[in-house]
Amino acid sequence: MSRVEDDNQVATPISEENWTGRSGVRLTLRAARGADQAGLRMFVDSLSRESRYFRFLTGGRVTDEIVQGFVSHRKARDVALVVTYREADGAETIVANAEYVVNEEDVAELAVVVADAWQGQGLGRRLIQRLQQLAGSGQLRGMRGDVLSENRRMLAIMRDCGFSARRNPEDSFLHEVSLTLAEARASAREHRMPRDWFAAH
Ligand SMILES: CC(C)(COP(=O)(O)OP(=O)(O)OC[C@H]1O[C@@H](n2cnc3c(N)ncnc32)[C@H](O)[C@@H]1OP(=O)(O)O)[C@@H](O)C(=O)NCCC(=O)NCCS
C-alpha cells in the first residue's frame, strides 16, 4: 500500500490489485513509485507517435521532467498509477499509466495512456474508473481533462464513464471533459458494472 502525506493533506491509500485479462494474462495495478522512473521512461519511449501525441501533445521525445513528474514533486492527494506485466524472466514491464493532479479548486486533472500493444482491451476504461473511485473517496469536487478533439476513443470512453465533453471555445483542437463527483457518486449506484473483461480479485 502506498501513502504520501504532507503538512495539510492526507493521501488516499492505494492498494495493489491483481487484474486478470481475457487470455488469463496477469497484470498488477499499483501506485507509481520512485524506482519506476526508468520503467516509465522505457514505457513512454515505446509509445507510437500517435499515442505520444494524444497523451503528451508531442510526437517527439517526452522530456525527462515530465517522466520524473509521474513519481516526484507530487502533492499528497495527487495520484499516479501504473499497470505492470511480469515477463517470463521476472522483469516487470509498465504497460499503462494513469494519473491525476489536484488543482487549487479541488478538481482532479486526469490523464491516461496505455501501451499500443495493450490498447482496446479494457485497460484504459478500467483505469479511468479507478481514478474516479480514488477521486471520489478523496472527497474531491470533480475531475477534468483536456482531450484532443480527434481522439475519438478517449472521448467515447470518457462519455461512457459519465464525463461531459465540450469543445474548448479557445482551442478547437481540444475538448474539455469534466465530471462533478457528487453526481458521479449518485450515478455510480445506478450504473451497471463495467462490461470490460478485466476483473480485480
Ligand atoms: C485512450 C486510451 C487510454 C484508451 O485505453 P484503451 O485500453 O485502449 O481503451 P479500452 O479498451 O478501455 O476502451 C476502448 C473503448 O473505446 C471504444 N473505441 C475504440 N476506438 C474508438 C473510436 N475510434 N471511436 C469511438 N470509440 C472507440 C471501444 O469501442 C471501446 O469501448 P467498449 O469497451 O465499449 O467496446 C488508449 O487508447 C491510449 O492510451 N491512447 C493513447 C493515449 C491517449 O489518447 N490518452 C488519452 C489522453 S487524454
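This text gives an overview of the structure that appears in the document. (Residues numbered from 1 in each chain as written. Predicted model: local features only at pLDDT ≥ 70, side-chain atom pairs only at ≥ 80, totals over all residues.)

Some words on the overall build of the protein
If you tally the helices and strands in the protein, you get 6 helices and 9 strands. For the protein, the proportion of its 201 residues judged to be buried stands at 31%. (Helix = DSSP H or I, 4+ residues; strand = E, 2+ residues; numbered from the N terminus. Buried ≥ 20, exposed ≤ 12 C-beta atoms within 10 Å, placed from the backbone.)

So, unusual backbone geometry
With glycine set apart, most residues show a phi of negative sign, and most peptide bonds adopt trans. Backbone geometry at Leu-57 places phi at a positive 60°, although glycine is not the residue there. Inspection of the secondary structure assignment puts Leu-57 in the loop between α2 (49-56) and α3 (64-69). By C-beta crowding, Leu-57 is classed as exposed, having 12 other C-beta atoms within 10 Å. Phi angles above zero are rare outside glycine, and Asp-106 is one such case at about 60°. Along the polypeptide, Asp-106 turns up in the loop between β4 (92-102) and β5 (107-114).

Brief notes about the site of the ligand
Residues in contact with the ligand amount to 23 residues; listed here are only the nearest, Phe-54, Gln-119, Gly-124, Arg-125 and Ala-156. Contributions of two or more residues to the shell around the ligand are made by α2, β5, α4 (123-137), β6 (142-148) and α5 (152-160). Here the shell around the ligand gets 5 residues from one element, more than from any other, and that element is α5. Considered class by class, the residues forming the shell around the ligand number 10 nonpolar, 8 polar and 5 charged. (Near = placed C-beta within 6 Å. Nonpolar A, V, L, I, M, F, W, Y, C, P; charged D, E, K, R; others polar.)

Notes on the environment of Arg-166
Take Arg-166: it is sitting in strand β7 (residues 164-167). As for Arg-166 and Leu-155, which are separated by 11 residues in sequence, their C-alpha atoms are 9.9 Å apart. Apart from the residues within four sequence positions on either side, Arg-166 is in contact with His-175 and Glu-176. (Contact = placed C-beta atoms within 7 Å.)

Digging into α4
Side chains that are three or four residues apart share a direction in an α-helix, a result of its 3.6 residues per turn. The end-to-end C-alpha distance of α4 is 21 Å, a good match for the 21 Å that 15 residues give at a rise of 1.5 Å each. Among the 15 residues in α4, 11 count as buried, and that is most of the element. Along α4, the positions that sit buried rather than exposed are Leu-123, Gly-124, Arg-125, Arg-126, Leu-127, Ile-128, Arg-130, Leu-131, Gln-132, Leu-134 and Ala-135. Within two residues after α4, Gln-139 carries a phi angle of roughly 60°, on the positive side. (Expected span 1.5 Å × (residues − 1).)

Quick look at the pairing of β4
Across the 11 residues of β4, 8 count as buried, placing the element largely inside the fold. In terms of strand pairing, strand β3 (residues 79-86) meets β4 through 8 bridges, oriented antiparallel. Paired with Val-83 across the strands is Ala-96, a residue of β4. The hairpin formed by β3 and β4 contains 5 residues between the paired strands, and Gly-90 there has a positive phi angle of roughly 95°. By the bridge criterion, 7 bridges tie β4 to β5 in an arrangement that is antiparallel. By the bridge assignment, Asn-97 is partnered in β5 with Val-113. Two successive antiparallel strands, β4 and β5, enclose a turn made up of 4 residues, where Asp-106 displays a positive phi of approximately 60°. (Pairing = 2+ DSSP bridges.)

What to know about the environment of Gly-124
Turning to its location among the elements, Gly-124 is positioned in helix α4. For Gly-124, a count of 22 C-beta atoms within 10 Å translates into the label buried. Linking Gly-124 and Ile-157, residues 33 residues apart in sequence, is a C-alpha distance of 8.3 Å. Beyond its immediate stretch of four places on either side in the chain, Gly-124 contacts Val-112, Val-114 and Ile-157.

Section: the nonpolar core
Ranked by internal contacts, the top residues of the largest apolar core, which has 43 residues, are Leu-81, Ala-96, Tyr-100, Leu-127, Leu-131 and Met-143. Not counting chain neighbours up to four residues away, the residues in contact with Ala-96 comprise Val-82, Val-83, Val-113, Val-114, Ala-115, Trp-118, Leu-123 and Leu-127. (Core = buried A, V, L, I, M, F, W, Y, C linked by C-beta atoms within 7 Å.)

Things to note about α5
Every buried residue of α5 is listed here: Met-154, Ile-157 and Met-158. Along the axis of α5, the buried residues cluster in a sector spanning 100°; they form a single face. Turned more than 90 degrees off the buried face of α5, the exposed positions are Arg-152, Ala-156 and Arg-159. Residues of α5 that are buried in the fold lie against α2, α4, β6, β7 and β8 (174-180). Looking one or two places after α5, you find Gly-162, whose phi comes out positive at around 100°. (Arc of directions from axis to C-beta.)

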